[in-house]
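Examination of the molecular architecture
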Amino acid sequence: MSHPDVLARLWPASAVRVRAGDLELRWMDDDLLVELAALASRGIHGPDAMPFEHPWTRGTPDEVARSVLTYQWNLRSQVSPSRFALEFAVTSDGVPVGVQGLVADDWSVLRRVQTGSWLGMTHQGSGIGTRMRVLALHLIFAGLNAREATSGAFADNGPSNAVSRRIDYEYDGTVNVAREGAAVPHHRYTMSHERWESLRSQHAELLGTPVEMYGIEGFRAQVAASGSSAS
(Lines give C-alpha, C1' and ligand atoms only; values in the text may rest on other atoms or scores of the structure.)
Protein backbone atom coordinates (compact mmCIF):
# COMPACT_ATOMS: atom_id res chain seq x y z
CA MET A 1 0.00 0.00 0.00
CA SER A 2 1.39 3.40 -1.00
CA HIS A 3 2.12 6.15 1.49
CA PRO A 4 -0.88 8.33 0.42
CA ASP A 5 -3.21 5.31 0.76
CA VAL A 6 -1.95 4.55 4.26
CA LEU A 7 -2.31 8.19 5.27
CA ALA A 8 -5.85 8.35 3.86
CA ARG A 9 -6.82 5.27 5.89
CA LEU A 10 -5.32 6.59 9.12
CA TRP A 11 -6.22 10.26 8.59
CA PRO A 12 -9.13 10.56 6.10
CA ALA A 13 -8.91 14.37 6.01
CA SER A 14 -5.78 13.94 3.91
CA ALA A 15 -7.80 12.41 1.07
CA VAL A 16 -10.37 15.21 0.71
CA ARG A 17 -10.28 16.95 -2.67
CA VAL A 18 -12.78 19.15 -4.51
CA ARG A 19 -12.34 20.08 -8.15
CA ALA A 20 -14.11 22.01 -10.89
CA GLY A 21 -12.22 22.11 -14.17
CA ASP A 22 -8.79 23.68 -13.68
CA LEU A 23 -9.46 24.69 -10.06
CA GLU A 24 -8.91 22.31 -7.15
CA LEU A 25 -8.93 22.37 -3.36
CA ARG A 26 -6.68 19.64 -2.02
CA TRP A 27 -4.95 18.45 1.14
CA MET A 28 -1.83 20.47 1.83
CA ASP A 29 1.11 18.08 2.07
CA ASP A 30 4.54 19.47 2.93
CA ASP A 31 5.58 19.91 -0.70
CA LEU A 32 2.53 22.07 -1.41
CA LEU A 33 2.92 23.84 1.91
CA VAL A 34 6.47 24.94 1.10
CA GLU A 35 5.31 26.28 -2.28
CA LEU A 36 2.46 28.18 -0.63
CA ALA A 37 4.76 29.60 2.04
CA ALA A 38 7.02 30.90 -0.73
CA LEU A 39 3.98 32.34 -2.53
CA ALA A 40 2.87 34.19 0.60
CA SER A 41 6.38 35.54 1.13
CA ARG A 42 6.14 37.27 -2.26
CA GLY A 43 3.05 39.21 -1.16
CA ILE A 44 -0.67 38.84 -0.54
CA HIS A 45 -1.62 42.51 -0.20
CA GLY A 46 -0.15 45.99 -0.49
CA PRO A 47 1.97 47.46 2.32
CA ASP A 48 -0.81 49.79 3.49
CA ALA A 49 -3.46 47.04 3.73
CA MET A 50 -4.11 44.37 6.36
CA PRO A 51 -6.95 41.95 5.60
CA PHE A 52 -6.20 39.67 8.57
CA GLU A 53 -7.02 40.01 12.25
CA HIS A 54 -3.60 38.62 13.12
CA PRO A 55 -1.01 40.46 10.98
CA TRP A 56 0.96 37.37 10.00
CA THR A 57 1.88 38.91 6.65
CA ARG A 58 4.09 41.56 8.27
CA GLY A 59 7.81 40.83 8.33
CA THR A 60 10.60 39.68 6.08
CA PRO A 61 9.84 37.13 3.35
CA ASP A 62 11.32 34.36 5.49
CA GLU A 63 9.26 35.44 8.52
CA VAL A 64 6.04 35.41 6.48
CA ALA A 65 6.87 32.00 5.00
CA ARG A 66 7.67 30.66 8.47
CA SER A 67 4.30 31.94 9.74
CA VAL A 68 2.54 29.93 7.04
CA LEU A 69 4.44 26.78 7.95
CA THR A 70 3.85 27.01 11.70
CA TYR A 71 0.17 27.92 11.34
CA GLN A 72 -0.57 25.04 8.98
CA TRP A 73 1.39 22.46 10.97
CA ASN A 74 -0.50 23.49 14.10
CA LEU A 75 -3.90 23.00 12.44
CA ARG A 76 -3.33 19.58 10.92
CA SER A 77 -4.27 17.63 14.04
CA GLN A 78 -7.49 19.57 14.66
CA VAL A 79 -9.98 17.13 13.19
CA SER A 80 -12.64 15.72 15.51
CA PRO A 81 -16.42 15.83 16.09
CA SER A 82 -15.96 18.79 18.45
CA ARG A 83 -13.79 20.84 16.09
CA PHE A 84 -12.22 20.52 12.71
CA ALA A 85 -9.92 22.76 10.72
CA LEU A 86 -9.35 21.90 7.07
CA GLU A 87 -6.84 24.01 5.19
CA PHE A 88 -6.72 23.33 1.47
CA ALA A 89 -4.12 24.26 -1.07
CA VAL A 90 -5.87 25.99 -3.97
CA THR A 91 -4.36 25.03 -7.31
CA SER A 92 -5.17 26.41 -10.75
CA ASP A 93 -3.97 24.23 -13.62
CA GLY A 94 -1.86 22.44 -11.01
CA VAL A 95 -0.13 25.63 -9.80
CA PRO A 96 -0.56 26.56 -6.10
CA VAL A 97 -2.25 29.96 -5.95
CA GLY A 98 -3.56 30.28 -2.38
CA VAL A 99 -5.28 28.68 0.59
CA GLN A 100 -8.93 27.99 1.40
CA GLY A 101 -9.69 27.19 5.03
CA LEU A 102 -12.75 25.65 6.71
CA VAL A 103 -13.17 25.74 10.48
CA ALA A 104 -16.04 24.28 12.51
CA ASP A 105 -16.38 24.57 16.28
CA ASP A 106 -18.83 22.24 18.06
CA TRP A 107 -19.37 20.61 14.68
CA SER A 108 -21.45 17.66 15.88
CA VAL A 109 -23.91 20.09 17.51
CA LEU A 110 -23.94 23.25 15.38
CA ARG A 111 -22.92 21.93 11.95
CA ARG A 112 -21.69 25.41 11.06
CA VAL A 113 -18.51 26.09 9.08
CA GLN A 114 -16.54 29.32 8.85
CA THR A 115 -14.43 29.97 5.77
CA GLY A 116 -11.27 32.01 5.34
CA SER A 117 -8.80 32.29 2.48
CA TRP A 118 -5.96 34.09 0.79
CA LEU A 119 -4.49 34.35 -2.70
CA GLY A 120 -1.03 35.32 -3.86
CA MET A 121 -1.05 38.83 -5.34
CA THR A 122 -0.15 37.61 -8.81
CA HIS A 123 -3.30 35.46 -8.89
CA GLN A 124 -5.78 38.07 -7.70
CA GLY A 125 -8.34 39.78 -9.90
CA SER A 126 -8.97 36.82 -12.20
CA GLY A 127 -12.06 35.33 -10.52
CA ILE A 128 -10.24 32.58 -8.64
CA GLY A 129 -11.31 33.98 -5.26
CA THR A 130 -14.98 33.69 -6.18
CA ARG A 131 -14.67 30.22 -7.66
CA MET A 132 -12.70 28.79 -4.75
CA ARG A 133 -15.36 30.07 -2.29
CA VAL A 134 -18.08 28.45 -4.41
CA LEU A 135 -16.12 25.18 -4.33
CA ALA A 136 -15.77 25.47 -0.55
CA LEU A 137 -19.53 25.98 -0.18
CA HIS A 138 -20.19 22.93 -2.34
CA LEU A 139 -18.02 20.85 -0.04
CA ILE A 140 -19.62 22.35 3.07
CA PHE A 141 -23.20 21.70 1.99
CA ALA A 142 -23.22 18.93 -0.63
CA GLY A 143 -20.30 17.06 0.92
CA LEU A 144 -20.63 17.63 4.66
CA ASN A 145 -24.35 18.48 4.92
CA ALA A 146 -23.70 21.53 7.10
CA ARG A 147 -26.55 23.70 8.29
CA GLU A 148 -24.77 27.02 7.79
CA ALA A 149 -21.62 28.61 6.42
CA THR A 150 -20.23 31.92 7.63
CA SER A 151 -17.61 34.33 6.38
CA GLY A 152 -16.35 37.77 7.28
CA ALA A 153 -14.11 40.57 6.13
CA PHE A 154 -12.89 43.92 7.36
CA ALA A 155 -14.86 46.78 5.84
CA ASP A 156 -11.77 48.00 3.98
CA ASN A 157 -11.18 44.60 2.35
CA GLY A 158 -13.03 45.30 -0.87
CA PRO A 159 -12.24 42.08 -2.77
CA SER A 160 -13.36 39.73 0.02
CA ASN A 161 -16.59 41.64 0.61
CA ALA A 162 -17.24 41.63 -3.12
CA VAL A 163 -16.91 37.83 -3.26
CA SER A 164 -19.47 37.38 -0.47
CA ARG A 165 -21.89 39.72 -2.21
CA ARG A 166 -21.41 38.11 -5.61
CA ILE A 167 -22.10 34.65 -4.23
CA ASP A 168 -25.18 36.10 -2.52
CA TYR A 169 -24.52 35.55 1.16
CA GLU A 170 -26.86 37.26 3.61
CA TYR A 171 -25.31 40.24 5.39
CA ASP A 172 -25.23 39.50 9.14
CA GLY A 173 -24.12 42.78 10.68
CA THR A 174 -20.93 44.65 11.44
CA VAL A 175 -18.84 44.53 14.61
CA ASN A 176 -15.60 46.19 15.62
CA VAL A 177 -12.60 43.86 15.69
CA ALA A 178 -9.15 44.70 17.03
CA ARG A 179 -6.56 44.96 14.28
CA GLU A 180 -3.04 46.24 14.84
CA GLY A 181 -4.08 48.23 17.90
CA ALA A 182 -7.26 49.78 16.46
CA ALA A 183 -10.97 48.92 16.40
CA VAL A 184 -11.91 48.26 12.76
CA PRO A 185 -15.40 47.49 11.36
CA HIS A 186 -15.74 43.86 10.31
CA HIS A 187 -18.65 42.65 8.17
CA ARG A 188 -20.22 39.25 8.79
CA TYR A 189 -22.01 37.07 6.23
CA THR A 190 -24.05 33.86 6.47
CA MET A 191 -25.27 31.22 4.04
CA SER A 192 -27.89 28.70 5.17
CA HIS A 193 -28.17 25.28 3.56
CA GLU A 194 -31.58 26.26 2.18
CA ARG A 195 -30.25 29.48 0.68
CA TRP A 196 -27.33 27.62 -0.89
CA GLU A 197 -29.73 25.11 -2.47
CA SER A 198 -31.65 28.00 -4.06
CA LEU A 199 -28.39 29.37 -5.50
CA ARG A 200 -26.91 26.15 -6.87
CA SER A 201 -27.60 26.93 -10.52
CA GLN A 202 -26.12 30.42 -10.12
CA HIS A 203 -23.02 28.98 -8.47
CA ALA A 204 -22.71 26.33 -11.18
CA GLU A 205 -22.56 29.11 -13.78
CA LEU A 206 -19.73 30.77 -11.86
CA LEU A 207 -17.74 27.52 -11.86
CA GLY A 208 -18.49 26.65 -15.47
CA THR A 209 -17.85 22.92 -15.00
CA PRO A 210 -19.30 20.19 -12.73
CA VAL A 211 -17.85 19.70 -9.24
CA GLU A 212 -16.01 16.49 -8.38
CA MET A 213 -15.43 15.53 -4.74
CA TYR A 214 -13.15 12.83 -3.35
CA GLY A 215 -12.59 11.40 0.12
CA ILE A 216 -15.77 12.86 1.58
CA GLU A 217 -17.22 9.72 3.16
CA GLY A 218 -14.04 8.97 5.05
CA PHE A 219 -13.84 12.50 6.37
CA ARG A 220 -17.49 12.52 7.42
CA ALA A 221 -16.83 9.35 9.40
CA GLN A 222 -13.74 10.96 10.97
CA VAL A 223 -15.73 13.92 12.32
CA ALA A 224 -18.93 12.02 13.17
CA ALA A 225 -19.82 11.88 16.86
CA SER A 226 -19.65 8.34 18.23
CA GLY A 227 -23.02 6.65 18.13
CA SER A 228 -24.70 9.39 16.10
CA SER A 229 -25.32 10.21 12.44
CA ALA A 230 -25.45 13.50 10.60
CA SER A 231 -28.83 14.84 9.60
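Residues numbered from 1 in each chain as written. Predicted model: local features only at pLDDT ≥ 70, side-chain atom pairs only at ≥ 80, totals over all residues. Heavy atoms only, no water.

You can see V34 is positioned in helix α2 (residues 30-41). Using a relative accessible area of 52% as the deciding quantity, one classes V34 as exposed. (Helix = DSSP H or I, 4+ residues; strand = E, 2+ residues; numbered from the N terminus. Buried < 20%, exposed > 50% of the residue type's maximum accessible area, 1.4 Å probe, protein only.)

So, about the sheet that holds strand β6 (residues 148-154). Taking strand neighbours across the sheet as the criterion, the nine strands line up as β7-β8-β6-β5-β4-β3-β2-β1-β9 in an open arrangement whose pairing is mixed. The sheet is open, and its two borders are formed by β7 (170-179) and β9 (212-214), each paired with just one other strand. Taking the axes of each pair of neighbouring strands and ignoring which way they run, one obtains an average angle of 25° across the sheet. Bridge analysis of β7 against strand β8 (residues 182-192) gives eight bridges, and the strand direction is antiparallel. Residue A178 lies in a different strand from β8, and its bridge partner there is A183. (Pairing = 2+ DSSP bridges. Axes fitted to C-alpha atoms, helices over the stretch in contact; angles between N-to-C directions.)

Next up on the list: the packing of helix α5 (residues 128-143) against helix α6 (residues 158-167). Interhelical geometry of α5 versus α6 gives an angle of 55° and a closest axis separation of 10 Å. By the angle between their directions, the pair α5 and α6 is classed as oblique. In the packing of α5 onto α6, the handedness of the crossing is right-handed. For the pair α5 and α6, contact is made by G129, T130, R133, V134 and L137 and by S160, V163, S164, R166 and I167, respectively. The residue makeup of the contact of α5 with α6, split by class, is four nonpolar, four polar and two charged. (Parallel < 35°, antiparallel > 145°, perpendicular 65-115°, else oblique. Left-handed = near helix turned anticlockwise from the far one by under 90°. Contact = heavy atoms within 4.5 Å. Nonpolar A, V, L, I, M, F, W, Y, C, P; charged D, E, K, R; others polar.)

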